[in-house]
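Now for the letters of each chain:
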Amino acid sequence: YHITVDQPNQTFWANTQRDDDDISLYVDARPVLSGANGYYGLLCRFQDDQNFYYFVVQPNGDYTIGKFKDGEFQSFFAEGWRTSDAIEQGDRTNHIKADCLGNTLRLYANGILLGEATDSDFSSGFSGMIAAALDSPRFEVVFNNFLITASAQ
């Protein structure tokens, strides 16, 4: 799957029409343009285009977990973004995993747990992939091997 964001400060996503509660999501994702400023990753428990959880990384090694609630992005981390050496930088591929298990939300990159949060606003919903341009006029991401697995807690 290929998402192209062609304006700064824009976010695009693609979601399934499969309603899940406790799942793990996997995808291999690679930014197309080296040096572009944006983020990409997974989303779960998508209610509508104003309400869902997101798990994203940036090409500079930053990441966050949060929710888009009532049309506003809210990171679960007080500092907003964190940094990890586990994230491949630039236009290199990252294997991203997200767990949505009960009220526990976890983000992994390349087999390493990056962060965890808890929240109970959304208990089920659709899943998908997300990409956004920050201050870059164009941000593109290629997603491969998207997988959803049902999980037992």
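Just so you know, these numbers come straight off a predicted model, no measurement behind them.

How each quantity is defined
Residues numbered from 1 in each chain as written. Predicted model: local features only at pLDDT ≥ 70, side-chain atom pairs only at ≥ 80, totals over all residues. Heavy atoms only, no water. Salt bridge = Lys/Arg side-chain N within 4 Å of Asp/Glu carboxyl O. Buried < 20%, exposed > 50% of the residue type's maximum accessible area, 1.4 Å probe, protein only. Disulfide = S-S within 2.5 Å. Helix = DSSP H or I, 4+ residues; strand = E, 2+ residues; numbered from the N terminus. Contact = heavy atoms within 4.5 Å. Phe/Tyr/Trp six-rings, centres within 6.5 Å; stacked < 30°, edge-to-face > 60°. Pairing = 2+ DSSP bridges. Axes fitted to C-alpha atoms, helices over the stretch in contact; angles between N-to-C directions. Polar contact = N/O pair within 3.5 Å; in protein donor to acceptor, adjacent residues only side chain to side chain.

A closer look at the pattern of salt bridges
Close approach of charged atoms allows side chains with opposite charge to pair.
Right, so step 1: Under the criterion given, the structure shown has eleven salt bridges.
Right, so step 2: The salt bridge involving E79 is made with R82; its shortest N-O contact spans 2.5 Å.
Right, so step 3: Between R138 and E140 there is a salt bridge, with its nearest N and O atoms 2.9 Å apart.
Right, so step 4: According to the relative accessible area criterion, R138 is partly exposed, its value standing at 38%.
Right, so step 5: When salt bridges with common partners are traced through the structure, they connect K67, K69, D119 and D121 into a single cluster.

Regarding the state of the cysteines
Right, so step 1: Considering all chains together, one arrives at one disulfide under this definition.
Right, so step 2: One disulfide in the model links C44 with C100; its S-S distance is 2.0 Å. As the torsion about the S-S bond is roughly -105 degrees, the C44-C100 disulfide counts as left-handed. In this pair, C44 is assigned in strand β4 (residues 38-48) and C100 in strand β9 (residues 94-101), connecting sequence segments 56 residues apart. For the pair shown, C44 and C100 are each scored as buried.

Digging into the side chain of S127
Right, so step 1: As for its position among the elements, S127 is in strand β12 (residues 126-133).
Right, so step 2: On the accessibility criterion, S127 (0% relative accessible area) is buried.
Right, so step 3: Once residues lying within four places of it in the same chain are set aside, the contact partners of S127 are A14, N15, T16, R18, I23, L25, L43, C44 and I148.

Overview of the packing of aromatic side chains
Right, so step 1: Under the defined criterion, the tally for this structure stands at twelve aromatic pairs.
Right, so step 2: Look at F52 and F68: their rings are 5.1 Å apart centre to centre, the planes differ by 35 degrees, and that puts the pair in the tilted class. Linking F52 in strand β5 (residues 51-57) with F68 in strand β6 (residues 62-69), this pair joins segments that are 16 residues apart in sequence. Judged on exposure class, the residue F52 and its partner F68 are both buried.
Right, so step 3: Joined through ring pairs, the aromatic side chains of W13, F46, F52, Y54, F68 and F73 make up one cluster.

A look at the sheet that holds strand β13 (residues 139-150)
Right, so step 1: Taken in spatial order, the six strands make up an open sheet running β1-β13-β3-β9-β10-β11, and their pairing is antiparallel. Two strands in the sheet have a free side with no partner beyond their single neighbour: β1 (2-5) and β11 (112-118). When strand polarity is set aside, the average angle formed by the axes of neighbouring strands in this sheet is 25 degrees.
Right, so step 2: Of the strand pairs in this sheet, β9 and strand β10 (residues 104-109) are connected by six bridges, and their pairing is antiparallel. Looking at β10, one finds that L101 is bridged to T104.

Comments concerning the side chain of E140
Right, so step 1: Turning to its location among the elements, E140 is positioned in strand β13.
Right, so step 2: The exposure class of E140 is buried, given its relative accessible area of 10%.
Right, so step 3: Separated by 2.9 Å, the side chains of E140 and R138 make a polar contact.
Right, so step 4: When sequence neighbours within four positions are dropped, the list of residues in contact with E140 reads H2, I3, T4, R30, P31, V32 and L33.

Observations concerning the environment of N51
Right, so step 1: Its place among the elements puts N51 in strand β5.
Right, so step 2: Among the residues examined, N51 registers a relative accessible area of 11% and is labelled buried.
Right, so step 3: Aside from chain neighbours lying at most four places away, what touches N51 is R45, F46, F68, K69, D70 and F122.
Right, so step 4: Among the polar contacts listed, one links the side chain of N51 to the backbone nitrogen of D70, at a separation of 2.9 Å.

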